[in-house]
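Structural features, examined
Read off the chains here:
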Amino acid sequence: MARLNPWRWVVLGLAALYFLVPLAASVVFTVDVPGQGVTFDAYSQIISTDGFVSSLLLSLELALATIAIVLLLMVPAMVALRLGAPRLRPVVEVICQLPLVVPPIAFVAGISTVLKWGPEYLSRTPLFETFVAVQNPSFPFVLVMAYVVMALPFVHRSLDAGLRAIDVRTLVEAARSCGASWPQALVRTVLPNLRGALLNASFLTLALVLGEFTVAQLLGFQPFAVWIYSVGGSQAQLSVAVSVLSLLVTWALLLALAGVGGRTRTASSRG
């Protein structure tokens, strides 16, 4: 095993170079202005740039709505599979992995076809207002529905790993024997033991929504990723500075998540 240690360091070093060299080049590009030297104007201008705050808030709102909906759908479904229908687990797993094999372009084409078909054939029905409401630019709920589908593979994997680590049936039966209802058993016994899995699923969904570009761009909306692209056409340094800052924020969230997960495991082991 000792002979493998140098190779491990070599692999880690190459991986660090692969990730850190482009990041360092991006940082140098944002702070090194020809004729002016080193300046941080690109970073100081981020907040005051038109569209930054609105696009970032829109992406965060979409992320929160997506996280809430996908967890409300998947947590009860995964627990029910564990308790009452284990034979359906392969079917659910295949369904949840389908978004990985469907190209985003084809996915957006299907959504656009439905959105165009609805107003044309349902203009005289109450559903017409629904098609208009889900495309409201201030909060395009159609993006939330698309992101829920795209987040299914990551949420399914996170929850499945969390449920494999605990004995769901014993926990639920113990809670039921103490007089708890099914919702109470789920909320008070299962969810606290899935805290790490829920945090992982939430973080992956947040990263997906903040970085998703294709669906929002083709549907004509402007969340954070699309705003970065639009700014890059006229202000290259500002666009790269925003990308670097968003990457650092994502890493900070990941480290915070790892710290929370580590404290949760330590507390549970002591208990």
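Description of the structure in this document.

So, how was this worked out
- Residues numbered from 1 in each chain as written.
- Predicted model: local features only at pLDDT ≥ 70, side-chain atom pairs only at ≥ 80, totals over all residues.
- Heavy atoms only, no water.
- Helix = DSSP H or I, 4+ residues; strand = E, 2+ residues; numbered from the N terminus.
- Buried < 20%, exposed > 50% of the residue type's maximum accessible area, 1.4 Å probe, protein only.
- Areas by Shrake-Rupley, 256 points an atom, 1.4 Å probe, with all protein chains shown as cover.
- 1 Å grid on protein atoms, 1.4 Å probe; cavity = no way out; pocket = protein on both sides within 12 Å on 5 of 7 lines; lining within 4 Å.
- Points joined across faces, edges and corners; volume = space filled by probe spheres on them.
- Nonpolar A, V, L, I, M, F, W, Y, C, P; charged D, E, K, R; others polar.
- Phe/Tyr/Trp six-rings, centres within 6.5 Å; stacked < 30°, edge-to-face > 60°.
- Patch = residues over 30% accessible without salt bridge, like charges linked within 9 Å, V, L, I, M, F, W, Y side chains within 5 Å.
- Salt bridge = Lys/Arg side-chain N within 4 Å of Asp/Glu carboxyl O.
- Core = buried A, V, L, I, M, F, W, Y, C linked by side-chain atoms within 4.5 Å.
- Arc of directions from axis to C-beta.
- Axes fitted to C-alpha atoms, helices over the stretch in contact; angles between N-to-C directions.
- Parallel < 35°, antiparallel > 145°, perpendicular 65-115°, else oblique.
- Left-handed = near helix turned anticlockwise from the far one by under 90°.
- Contact = heavy atoms within 4.5 Å.

1. Concerning the overall build of the protein
- Summing up its helical and strand segments, the protein has 13 helices and two strands in all.
- The principal-axis extent of the C-alpha atoms belonging to the protein is close to 75 × 75 × 30 Å.
- Residues classed as buried in the protein amount to 33% of the 271 residues present.
- Taken as a whole, the protein presents about 16,400 Å² of accessible surface, with 69% of it coming from carbon and sulfur.

2. Some thoughts on the layout of surface pockets
- Approximately 350 Å³ is the volume attributed to the second largest pocket.
- What lines the second largest pocket is a set of 17 residues, among which L56, L210, F224, S246 and T250 lie closest to the centre.
- Elements that contribute at least two residues to the lining of the second largest pocket include exactly α3 (52-83), α10 (195-211), α12 (224-232) and α13 (236-270).
- The biggest single contributor to the lining of the second largest pocket is α13, with seven residues.
- Taken together, the residues that form the lining of the second largest pocket break down as 13 nonpolar, four polar and no charged.

3. So, the packing of aromatic side chains
- Taken as a whole, this structure holds five aromatic pairs when the rule is applied.
- Chaining the aromatic ring pairs together yields one cluster made of F52, F224 and W227.

4. Structural notes on a nonpolar patch on the surface
- A surface patch of nonpolar side chains, about 870 Å² in accessible area, is lined by L88, V91, V94, I95, L98, L100, V101, V102, F154 and L204.
- Ranked by residue count, the leading element in the nonpolar patch is helix α4 (residues 89-101), at six residues.
- Residue placement: V94 occurs in helix α4.
- By relative accessible area, which is 53% here, V94 ends up exposed.

5. Observations concerning the side chain of T49
- Structurally, the position occupied by T49 is in the loop between α2 (41-44) and α3.
- We classify T49 as buried; its relative accessible area is 15%.

6. Looking at the nonpolar core
- Counting 49 residues, the largest nonpolar core has L71, M74, L143, V155, L159 and L219 as the members making the most contacts within it.
- The set of elements that each furnish at least two residues to this core consists of α3, α5 (104-121), α7 (141-164), α8 (168-177), α9 (182-193), α10 and α11 (214-219).
- With twelve residues, α7 is the single largest residue contributor to this core.
- Counting ten residues, the second-largest nonpolar core is a separate cluster that includes F224, I228, A241 and V242.

7. Remarks on α8
- Buried residues of α8: V168, V172 and A175, and no others. Angularly, the buried residues of α8 cover 65° about the axis, an arc narrow enough to put them on a single face.
- Directly beyond the C-terminal end of α8, a positive phi value near 95° is found at G179.

8. A closer look at the packing of α7 against α10
- Put simply, α7 and α10 touch, their axes get as near as 8 Å, and they point 155° apart. On the basis of their axis angle, the class for α7 and α10 is roughly antiparallel. In the packing of α7 onto α10, the handedness of the crossing is right-handed. Where α7 abuts α10, its residues Y147, M150, A151, F154, V155, S158, L159 and G162 lie against A197, L198, N200, A201, L204, T205, L208 and V209.
- Looking at side-chain class alone, the contact of α7 with α10 contains twelve nonpolar, four polar and no charged residues.

9. Comments concerning the environment of I111
- Mapped onto the elements, I111 comes out in helix α5.
- Take I111: its relative accessible area is 14%, and that puts it in the buried class.
- Counting along the chain gives 31 residues from I111 to V142, while the straight-line C-alpha distance between them is 8.6 Å.
- If sequence neighbours within four positions are ignored, I111 has contacts with V142, A146 and L219.

10. So, the pattern of salt bridges
- Applying the stated rule across the entire model yields four salt bridges.
- Where D160 meets R82, a salt bridge forms, and the shortest distance between an N and an O atom there is 3.8 Å. Linking D160 in helix α7 with R82 in helix α3, this pair joins segments that are 78 residues apart in sequence.
- Classification of D160 as buried rests on a relative accessible area of 9%.
- Since its relative accessible area comes to 22%, R82 is described here as partly exposed.
- For the salt bridge of D160 with R89, the shortest nitrogen-to-oxygen distance reads 3.9 Å. With D160 in helix α7 and R89 in helix α4, this pair connects stretches of sequence that are 71 residues apart.

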